[in-house]
Amino acid sequence: GAVVSQHPSRVICKSGTSVKIECRSLDFQATTMFWYRQFPKQSLMLMATSNEGSKATYEQGVEKDKFLINHASLTLSTLTVTSAHPEDSSFYICSARAGDREAFFGQGTRLTVV
Amino acid sequence: AQSVTQLDSQVPVFEEAPVELRCNYSSSVSVYLFWYVQYPNQGLQLLLKYLSGSTLVKGINGFEAEFNKSQTSFHLRKPSVHISDTAEYFCAVSERSGTYKYIFGTGTRLKVLA
């Protein structure tokens, strides 16, 4: 299957700083990328959907100014958690999709805000 | 809108016994159906998918699932489980058009006992 690379796999940051997470589709062009958040022992909650070259569509309740998503190319999307706080600590997972093919998932990023 | 229900939050089963993980969905449009497995602190791995055609779908690691349109179900089965199958399993649906975003169930923790 296709490969989606997510980086970093783990990050620890201080409260008030910003953190950027990258999601790359390595061997296909992703017309759509998705960002999910997963709390311990819970399911994946869709945060936003981004299409290359256009603004991301955020799910209800997700602060767009706090979780900045950029999908600058067909192989790269970034999620920036701005002014991070301990409650933002979570497991973030991206996925990438080409047209109506199934989505492929990154390995996730464990964010810890101290 | 779509929704996915995984009624069993945890399923304990002895090694080499059969297992069924239940998934029911609700949707006003046609959907694709998926099962993913997640090991601790990792992303999601696709087990199998139903896009069209035969309602019995075979996946990796000996898993299979059957799409039942009348019952709106997509239960996952394995005839004989191994200790290594212990993980979290997620059922997901995706629109066949539009944003193609995934909606996940709450997950089922499969615990294989020796």
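This text goes with the structure placed above it.
Every value quoted in this text rests on a predicted model; they were computed, and no experiment measured them.

About the criteria used
- Residues numbered from 1 in each chain as written.
- Chains lettered and ligands numbered in written order.
- Predicted model: local features only at pLDDT ≥ 70, side-chain atom pairs only at ≥ 80, totals over all residues.
- Heavy atoms only, no water.
- Contact = heavy atoms within 4.5 Å.
- Buried area = accessible area lost by both parts, 1.4 Å probe.
- Salt bridge = Lys/Arg side-chain N within 4 Å of Asp/Glu carboxyl O.
- Helix = DSSP H or I, 4+ residues; strand = E, 2+ residues; numbered from the N terminus.
- Phe/Tyr/Trp six-rings, centres within 6.5 Å; stacked < 30°, edge-to-face > 60°.
- Buried < 20%, exposed > 50% of the residue type's maximum accessible area, 1.4 Å probe, protein only.
- 1 Å grid on protein atoms, 1.4 Å probe; cavity = no way out; pocket = protein on both sides within 12 Å on 5 of 7 lines; lining within 4 Å.
- Points joined across faces, edges and corners; volume = space filled by probe spheres on them.
- Nonpolar A, V, L, I, M, F, W, Y, C, P; charged D, E, K, R; others polar.
- Pairing = 2+ DSSP bridges.
- Axes fitted to C-alpha atoms, helices over the stretch in contact; angles between N-to-C directions.
- Disulfide = S-S within 2.5 Å.

Mind laying out the interface of chain A and chain B, listing which residues take part and the relevant values?
The interface of chain A with chain B comprises 22 residues on the first partner and 20 residues on the second. Between chain A and chain B, a total of about 1700 Å² is buried, with carbon and sulfur atoms accounting for 52% of that surface. Of all residues in chain A, A:Arg97, A:Glu102 and A:Phe105 give up the largest surface area on contact with chain B, accounting jointly for 29% of the area buried on that side. The tally of links between chain A and chain B comes to one salt bridge. If you list the elements that add at least two residues to the side of chain A that touches chain B, you get β4 (32–38), β5 (44–51) and β9 (90–97) of chain A.

Report on the packing of aromatic side chains, specifying residues and quantitative values.
For the structure on display, the rule yields 16 aromatic pairs over all chains. Here the aromatic rings of A:Phe67 and A:Tyr92 are separated by 6.3 Å at their centres, their planes lie at 45 degrees, and the arrangement is tilted. Placement of A:Phe67 in strand β7 (residues 67–73) and of A:Tyr92 in strand β9 is noted, with a sequence separation of 25 residues between them. In this pair, the class of A:Phe67 matches that of A:Tyr92, namely buried. Pairing B:Phe34 with B:Tyr36 gives two aromatic rings, centres 6.1 Å apart and planes at 35 degrees, and the pair type is tilted. Classification of B:Tyr36 as buried rests on a relative accessible area of 1%.

I'd like a rundown of the layout of surface pockets, residues and numbers included.
Here the largest pocket defines a volume of roughly 460 Å³. A:Pro40, A:Lys41, A:Gln42, B:Glu88 and B:Arg109 are the residues nearest the centre of the largest pocket, which is lined by 18 residues in total. Of the residues contributing to the lining of the largest pocket, the split by class is six nonpolar, eight polar and four charged. If you add up the space inside the second largest pocket, you get close to 200 Å³. Together, 13 residues line the second largest pocket, and A:Ala2, A:Phe104, B:Leu44, B:Gln45 and B:Leu46 are the ones closest to its centre. Taken together, the elements giving at least two residues each to the lining of the second largest pocket come down to β10 (104–105) of chain A together with β6 (44–50) of chain B. Class assignment for the residues of the lining of the second largest pocket results in 10 nonpolar, two polar and one charged.

Which residues make up the pairing of strand β9 (residues 73–78) of chain B, and what are the values?
Residues and elements named next belong to chain B. Within β9, five of the six residues are buried, which leaves it mostly tucked inside the rest of the structure. Here strand β3 (residues 19–21) runs beside β9; their pairing, made up of three bridges, is antiparallel. Of the residues in β9, the one forming a bridge with Leu21 is Leu76. In sequence, strand β8 (residues 64–68) turns back onto β9 through a hairpin of four residues, with Thr72 there showing a positive phi of about 45 degrees.

So what's going on with the sheet that holds strand β8 (residues 76–81) of chain A? Residues and values would help.
The strands making up a sheet associate through hydrogen bonds between their backbones, and the pairing can be parallel or antiparallel. Residue and element names in this part refer to chain A. Reading across from one edge, β1-β3-β8-β7 is the order of the four strands in this open sheet, with antiparallel pairing throughout. Two strands in the sheet have a free side with no partner beyond their single neighbour: β1 (4–7) and β7. Here the average twist between neighbouring strands, direction ignored, is 15 degrees. Bridge count between β7 and β8: five bridges; the pairing is antiparallel. The residue bridging Ser73 from the neighbouring strand is Leu76, located in β8.

Hey, could you go over the state of the cysteines for me, with residue numbers and the actual values?
Across all of its chains, the model carries two disulfides over all chains by this definition. Two residues share a disulfide in this structure: A:Cys23 and A:Cys94, whose sulfurs sit 2.0 Å from each other. Between A:Cys23 and A:Cys94 the sulfur-sulfur dihedral comes to about 80 degrees; the bridge is accordingly right-handed. Highlighted residues: A:Cys23 in strand β3 (residues 19–25) and A:Cys94 in strand β9, separated in sequence by 71 residues. On the basis of relative accessible area, A:Cys94 is assigned to the buried category, the value being 0%. Paired by a disulfide, B:Cys23 and B:Cys91 hold their sulfur atoms 1.9 Å apart. Classification of the bridge connecting B:Cys23 and B:Cys91 rests on its S-S torsion, roughly -65 degrees, and on that basis the disulfide is left-handed. One end of the pair, B:Cys23, is in the loop between β3 and β4 (24–26); the other, B:Cys91, is in strand β10 (residues 87–95), and 68 residues separate them in sequence. Taken as a pair, B:Cys23 and B:Cys91 share a single burial class, namely buried. Summary of cysteine pairing: A:Cys13 is not part of a disulfide, and the nearest cysteine sulfur, belonging to A:Cys94, is at 18 Å. The exposure class of A:Cys13 is buried, given its relative accessible area of 8%.

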